[in-house]
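Take a look at the letters that make up each chain.
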Amino acid sequence: IKLLSTATILVATNDSLYWIKQSGEKLMSKKYGSGVRNINVLSGDNILLNIGNSIQLFNKNGDIIEEIYTGFGVAKMTLQVDNKILINNSSQFVRLNSDGTTDTTFKTDELFDTKSGTELSFYSIGFQSDGKILLCGSFRLKGNFSDSYLIRLNTDGSLDKSFTSPMFISMSGF
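Residues numbered from 1 in each chain as written. Predicted model: local features only at pLDDT ≥ 70, side-chain atom pairs only at ≥ 80, totals over all residues. Heavy atoms only, no water.

Structural notes on the nonpolar core
Membership of the largest hydrophobic core comes to 14 residues, with the highest contact counts inside it found for Phe-93, Phe-112, Phe-122, Leu-135, Phe-139 and Leu-153. Within the residue set of this core, elements represented by two or more residues are β12 (121-127), β13 (133-139) and β14 (148-153). Counting residues per element, this core draws most heavily on β13, at 3 residues. When sequence neighbours within four positions are dropped, the list of residues in contact with Phe-93 reads Leu-86, Ile-87, Asn-88, Phe-106, Thr-108, Phe-112, Leu-120, Phe-122, Ile-125, Leu-135 and Leu-153. Grouped together as the second largest cluster of nonpolar side chains are 12 residues, Ile-55, Met-77, Leu-79 and Ile-87 included. (Core = buried A, V, L, I, M, F, W, Y, C linked by side-chain atoms within 4.5 Å. Buried < 20%, exposed > 50% of the residue type's maximum accessible area, 1.4 Å probe, protein only. Helix = DSSP H or I, 4+ residues; strand = E, 2+ residues; numbered from the N terminus. Contact = heavy atoms within 4.5 Å.)

Right, here's the structure in full:
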């Protein structure tokens, strides 16, 4: 669920996007096929949708502007305040520039161990005011033998080693 600047409510389901007035009255809906997962609203009320293995940009009326990314299956898509896009699946975590190109300054390729059979599973992604990124989930860092649950990344994607994850965090119940 997201809000447009007009206070119109956007609701994404598995295959559709609905525009709803504050009163609950449905304004319109558009069907996009199965796999609608993540939705974000950009400036100008443009809409960023994760549909299947692609990220597509739509205008405020739901008409496609362009497909900005197609690649590995996108499990989670999170928009930073600078309109850069963090995406991940079970084996990759990358950042895209707002035009959909890979942000080559974001270096997480040597951070996560996906060869040991542990998948990247982020339950939530947060941002601090200084631009650092908090990742909460089940994943393994290279050189570690246990799964991590909360880490902090610097703005370039490197591990912030000054951050110590509290040991009381458990993923049971997620």
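Details of the sheet that holds strand β9 (residues 76-79)
Either a parallel or an antiparallel arrangement is found when strands of a sheet pair, and the pairing is made through backbone hydrogen bonds. Spatially, 3 strands are ordered β9-β10-β11 in an open sheet, and the strand pairing comes out antiparallel. The strands lining the two open edges of the sheet, one partner per strand, are β9 and β11 (93-96). Strand-to-strand, the axes of this sheet are offset by a mean angle of 20°, without reference to chain direction. (Pairing = 2+ DSSP bridges. Axes fitted to C-alpha atoms, helices over the stretch in contact; angles between N-to-C directions.)

Remarks on the environment of Leu-57
As for its placement among the helices and strands, Leu-57 is situated in strand β7 (residues 54-58). Leu-57 sits 37 residues away from Val-94 along the chain, and the two C-alpha atoms are 18 Å apart. Not counting residues within four places of it along the chain, the set of residues in contact with Leu-57 comprises Leu-42, Asn-46, Ile-47, Leu-48, Asp-63, Ile-64, Ile-65, Glu-66 and Ile-68.

Quick word on the sheet that holds strand β5 (residues 36-41)
Pairing is antiparallel in the open sheet, where 4 strands are placed in the order β5-β6-β7-β8. At either end of the open sheet lies a strand with only one pairing partner, and these are β5 and β8 (64-70). Adjacent strand axes in the sheet meet at a mean angle of 20°, parallel and antiparallel pairs treated alike. Examined bridge by bridge, β5 and strand β6 (residues 47-51) share 5 bridges and lie antiparallel to one another. Bridge pairing in β6 links Asn-38 to Asn-50.

Section: the layout of surface pockets
The volume enclosed by the second largest pocket comes to roughly 260 Å³. Forming the boundary of the second largest pocket are 18 residues, of which Ser-91, Gln-92, Phe-93, Thr-108 and Asp-109 lie nearest the centre. When grouped by side-chain class, the residues that make up the lining of the second largest pocket number 5 nonpolar, 6 polar and 7 charged. (1 Å grid on protein atoms, 1.4 Å probe; cavity = no way out; pocket = protein on both sides within 12 Å on 5 of 7 lines; lining within 4 Å. Points joined across faces, edges and corners; volume = space filled by probe spheres on them. Nonpolar A, V, L, I, M, F, W, Y, C, P; charged D, E, K, R; others polar.)

Observations concerning the environment of Gly-100
Mapped onto the secondary structure, Gly-100 falls in the loop between β11 and β12. Residues Gly-100 and Leu-27, spaced 73 residues apart in sequence, show a C-alpha to C-alpha distance of 30 Å. With residues up to four places along the chain from it excluded, the contact list for Gly-100 reads Ile-68 and Tyr-69.

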